[in-house]
Amino acid sequence: KKMNPEIKRCTRCILSENFPRIEFDEHGVCNFCRDKLLFSTEKEKIKEAEVEILKMFDRERGKSEYDAIVCYSGGKDSTLTLKLAVEKYNLRVLAFTLENHFTSPGALDNIRRVVAKLGIDHITFSPSKKFMAGLYRASTLYELYHKNTLTRISANCNSCISVVNNTA
């Protein structure tokens, strides 16, 4: 049995139609995936992107209690992102963690230590095990995602990251 998702998502990266300034082409691929800058390693393009990010930070800084929400898993990538946001870009950050009942004790310990060291606020959202098991079951049993999204990430991971994106 095939389920139709209620929210339109990019067929390549799973960003939802609720993402700011997102647009989809006739194949369901979002404008962020089509942007050649995402795949470029040219120093000039990277510098241009950094200038645009800095402009965005300056434009948004101080408008709210937090300048940014950083989704924080406790892994090396999100730890570096969090550290840069706080120390390099001087953003007032709210760290957000989804406890999906698969987060390792080491990651949870790392989250506690890093958040304390950076001196930032942190919230954890922990859906019930019953909810998450149902989500994983549905992701396994039904074709919830376009087949192209499953070349990069599993249906279960897609569903979990969707919870992260929609709750953060």
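Here, the structure is the one placed above.
Residues numbered from 1 in each chain as written. Predicted model: local features only at pLDDT ≥ 70, side-chain atom pairs only at ≥ 80, totals over all residues. Heavy atoms only, no water.

K.L.:
Quick question: what am I supposed to make of the sheet that holds strand β2 (residues 93–98) here?
P.N.:
Strand-to-strand pairing in sheets goes through backbone hydrogen bonds, with the strands running parallel or antiparallel. Read from one edge to the other, the open sheet built from three strands follows the order β1-β2-β3, with strand pairing classed as parallel. Both outer strands of the open sheet, β1 (68–71) and β3 (121–125), are each paired with one neighbouring strand and no more. The mean angle between the axes of side-by-side strands here comes to 25 degrees, regardless of whether they run parallel or antiparallel. As paired elements, β1 and β2 share four bridges and run parallel to each other. Counted as the bridge partner of Ile 69 is Leu 94 from β2. Along the sheet, helix α6 (residues 155–167) makes contact with β1, β2 and β3, crossing β2 at roughly 150 degrees. (Pairing = 2+ DSSP bridges. Helix = DSSP H or I, 4+ residues; strand = E, 2+ residues; numbered from the N terminus. Axes fitted to C-alpha atoms, helices over the stretch in contact; angles between N-to-C directions. Contact = heavy atoms within 4.5 Å.)

K.L.:
Mind showing me how you'd approach the nonpolar core here?
P.N.:
Buried together is how nonpolar side chains tend to be arranged in soluble globular proteins. Counting residues in each nonpolar core, the largest one holds 15 residues, and the members touching the most others are Tyr 72, Leu 82, Val 93 and Ile 120. At the level of elements, α3 (76–88), β2 and α4 (105–118) are the ones that each hand at least two residues to this core. Per-element accounting of this core gives the leading share, four residues, to α4. Setting aside chain neighbours within four positions, we find Tyr 72 in contact with Ser 78, Thr 79, Leu 82, Ala 95, Phe 96, Thr 97, Asn 110, Ile 111, Val 114 and Val 115. By size, the runner-up hydrophobic cluster in this structure holds eight residues, among which are Phe 96, Met 132, Val 163 and Val 164. (Core = buried A, V, L, I, M, F, W, Y, C linked by side-chain atoms within 4.5 Å. Buried < 20%, exposed > 50% of the residue type's maximum accessible area, 1.4 Å probe, protein only.)

K.L.:
Teacher, can you tell me more about the packing of aromatic side chains here?
P.N.:
Any pair of aromatic rings gets described here by the distance separating the centres and the angle formed by the planes. Inspection of every chain in the model, using the stated rule, returns two aromatic pairs. Seen from their ring centres, Phe 102 and Tyr 136 are 5.6 Å apart, and the 65 degrees between their planes marks the pair as edge-to-face. In this pair, Phe 102 sits in the loop between β2 and α4 while Tyr 136 sits in helix α5 (residues 129–141), placing the two residues 34 residues apart along the sequence. The buried category is assigned to Tyr 136, whose relative accessible area is 14%. (Phe/Tyr/Trp six-rings, centres within 6.5 Å; stacked < 30°, edge-to-face > 60°.)

K.L.:
So what exactly am I meant to see when it comes to helix α2 (residues 43–60) here?
P.N.:
Each turn of an α-helix holds 3.6 residues, which means side chains three or four residues apart point in the same direction. Taking 1.5 Å as the rise per residue, α2 with 18 residues should run 26 Å; its terminal C-alpha atoms sit 26 Å apart, in good agreement. Once α2 finishes, Gly 62 follows within two positions and takes phi at roughly 80 degrees, a positive value. (Expected span 1.5 Å × (residues − 1).)

K.L.:
Looking at this structure, I do not really get the state of the cysteines. What am I missing?
P.N.:
Here a disulfide denotes a covalent bond joining the sulfur atom of one cysteine to the sulfur atom of another. Under the counting rule described, the total for this entry stands at zero disulfides. Here Cys 13 is not disulfide-linked; the sulfur of Cys 33 is the nearest cysteine sulfur, at 3.6 Å. Using a relative accessible area of 21% as the deciding quantity, one classes Cys 13 as partly exposed. No disulfide involves Cys 160; its nearest neighbouring cysteine sulfur is the one of Cys 157, lying 7.1 Å away. (Disulfide = S-S within 2.5 Å.)

K.L.:
What is the right way to look at the side chain of Glu 99 in this model?
P.N.:
Position of Glu 99 among the secondary structure elements: in the loop between β2 and α4. It turns out Glu 99 is buried and unbridged, and the closest side chain with the opposite charge, Arg 112, is 7.8 Å from it. In terms of polar contacts, Glu 99 uses its side chain to reach the side chain of Thr 103, at 3.5 Å. (Lys, Arg positive; Asp, Glu negative; His and termini not counted. Salt bridge = Lys/Arg side-chain N within 4 Å of Asp/Glu carboxyl O. Polar contact = N/O pair within 3.5 Å; in protein donor to acceptor, adjacent residues only side chain to side chain.)

Read these as spatial facts, not as claims about activity.
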